[in-house]
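Chains, contacts and geometry: an overview
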Amino acid sequence: MIIAHAGHHETIASAWEAPVPVLLGSALALALFAQAFVRLRRRGRKDHAGWDRAALFALAVALGTLALVSPLDYVGEEYLLSAHMVQHVVIGDLAVVLAVVALRGPLTFFLIPAAVLGRLARLGWLRSGLRFLLDPKVAFALWAVVIAGWHVPAAYDYTLTHKVVHDVEHLSFVIVGMLVWIQLVDPARRRELTLVGKLALAIALFAAGQILADVLIFAMRPLYGSYAEQPDRVLGLSPLQDQRLAGLVMMGEQLLTLGTFVALLLVAQHRRLFGPAEDDGRVTA
């Protein structure tokens, strides 16, 4: 049955939520950025704390929050795998990369208040853990395992009926997304990866993502029982059409984010090599 009558439309349109953990997480992110932004500008470094950075970070938080509180969350859980995939790529990739790009440079070091940062820096286990997680190979491996693991049909269907597990799934997408985009954008200028290393990681991320996308696109039957058994078909999409659309969503989003990153990286490298002599080389991807 195609969802077309007013009752269903009203249910979807009114399916806004206000989960406390999401709102608190968004508020904390904005508060941390705001204090970093103000502190850096007070030090006279408006060049590293411009209003464009604030707008970009606000956009990242807005996208991530809306994906979790808007009707997209309801439609993704109840009706469409493709809507759920849109939610996942927004919170685990698109919002993440915007936030990391907004924080690149000194803002990264000001994000945590000095008093808190000093205490955290004295925790040896925390420093060791972060050093391990921020190893490029570890970051990629964790990203691949998390993305693949949660999309195993049994695990995916389980999250739809267990809210706590579903929340853990979403949090894990954000964490591994942060880990890999930190490697690519390198906001703290750690220089763990060379140009070739960044290109290789971007290609590896795309290739790994396309394995999952291809499974969804080319599968001959619906893989997720929760959606296949849903009698109400939003937009008239069959379970198999919905599943293929989900694969295309993932492919398209990766082409957008990773493709843009690679293009900017290559343009920046070209400017370094062939730009005018007065170019100071500060243009980075």
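Whatever comes next refers back to the structure up there.
This structure is a prediction, so every number in the text was calculated from the model and none was measured.

**Remarks on the overall build of the protein**
Within the protein one finds 14 helices and 0 strands. Going from N to C terminus, the protein has its helices and strands arranged as α-α-α-α-α-α-α-α-α-α-α-α-α-α. The C-alpha atoms of the protein give a radius of gyration of 21 Å, which matches the 19 Å a tight globule of 285 residues would have. Each of the three principal axes of the protein carries a C-alpha extent, and together these read 65 × 40 × 40 Å. Taking the 24 positively charged and 22 negatively charged side chains of the protein as two groups, their mean positions are separated by 16 Å.

**Some remarks on the nonpolar core**
Grouped together as the largest cluster of nonpolar side chains are 36 residues, with contacts concentrated most on Met85, Trp181, Leu184 and Leu205. Going through the elements one at a time, α5 (81–103), α9 (136–150), α10 (153–160), α11 (163–185), α12 (195–218) and α14 (239–274) are the ones with two or more residues in this core. Counting residues per element, this core draws most heavily on α11, at 8 residues. Residues in contact with Leu184, not counting those within four places in the same chain, are Lys198, Leu201, Ala202, Leu205, Leu258 and Phe261. Counting residues in each nonpolar core, the second largest holds 15 residues, with Ala36, Leu103, Leu107 and Phe110 among its members.

**Focus on the packing of aromatic side chains**
Taken as a whole and assessed by the stated rule, the structure comprises 7 aromatic pairs. On the basis of an interplanar angle of 80° and a centroid distance of 5.8 Å, the ring pair of Tyr74 and Tyr79 is categorised as edge-to-face. Three or more aromatic residues link up through ring pairs in this structure, and these residues are Phe33, Phe37, Trp51 and Phe57.

**Some details on the packing of α11 against α14**
Look at α11 against α14: their axes get within 11 Å of each other, and the N-to-C directions meet at 20°. One way to sum up the angle between α11 and α14 is to call them roughly parallel. The chirality of how α11 crosses α14 is left-handed. Two secondary-structure elements touch here, α11 through Trp181, Leu184 and Val185 and α14 through Thr257, Leu258 and Phe261.

**Comments concerning the packing of α10 against α11**
Where α10 contacts α11, the two axes come as close as 6 Å, and the packing angle between them is 120°. Of the residues in α11, those touching α10 at Tyr156, Tyr158, Thr159 and Leu160 are Val165, His166 and Glu169. Within the contact of α10 with α11, the residues separate by chemical class into 4 nonpolar, 2 polar and 1 charged.

**Comments concerning a nonpolar patch on the surface**
Where nonpolar side chains cluster on the molecular surface, the patch consists of Leu130, Phe132, Leu133 and Leu142 and spans about 340 Å² of accessible area. Among the elements that take part in the nonpolar patch, helix α8 (residues 124–133) stands out by supplying 3 residues, more than any other. Using a relative accessible area of 32% as the deciding quantity, one classes Leu142 as partly exposed.

**Points about the pattern of salt bridges**
Summed over the entire model, instances satisfying the criterion amount to 3 salt bridges. When the shortest N-O distance is used, the salt bridge between Asp167 and Lys163 registers 3.8 Å. One end of the pair, Asp167, and the other, Lys163, are both in helix α11, 4 residues apart, so they sit about a helical turn from each other.

The rules behind these values
- Residues numbered from 1 in each chain as written.
- Predicted model: local features only at pLDDT ≥ 70, side-chain atom pairs only at ≥ 80, totals over all residues.
- Heavy atoms only, no water.
- Helix = DSSP H or I, 4+ residues; strand = E, 2+ residues; numbered from the N terminus.
- Rg over C-alpha atoms; globule rule 2.2 N^0.38 Å.
- Lys, Arg positive; Asp, Glu negative; His and termini not counted.
- Charge placed at Lys NZ, Arg CZ, Asp CG, Glu CD.
- Core = buried A, V, L, I, M, F, W, Y, C linked by side-chain atoms within 4.5 Å.
- Buried < 20%, exposed > 50% of the residue type's maximum accessible area, 1.4 Å probe, protein only.
- Contact = heavy atoms within 4.5 Å.
- Phe/Tyr/Trp six-rings, centres within 6.5 Å; stacked < 30°, edge-to-face > 60°.
- Axes fitted to C-alpha atoms, helices over the stretch in contact; angles between N-to-C directions.
- Parallel < 35°, antiparallel > 145°, perpendicular 65-115°, else oblique.
- Left-handed = near helix turned anticlockwise from the far one by under 90°.
- Nonpolar A, V, L, I, M, F, W, Y, C, P; charged D, E, K, R; others polar.
- Patch = residues over 30% accessible without salt bridge, like charges linked within 9 Å, V, L, I, M, F, W, Y side chains within 5 Å.
- Areas by Shrake-Rupley, 256 points an atom, 1.4 Å probe, with all protein chains shown as cover.
- Salt bridge = Lys/Arg side-chain N within 4 Å of Asp/Glu carboxyl O.

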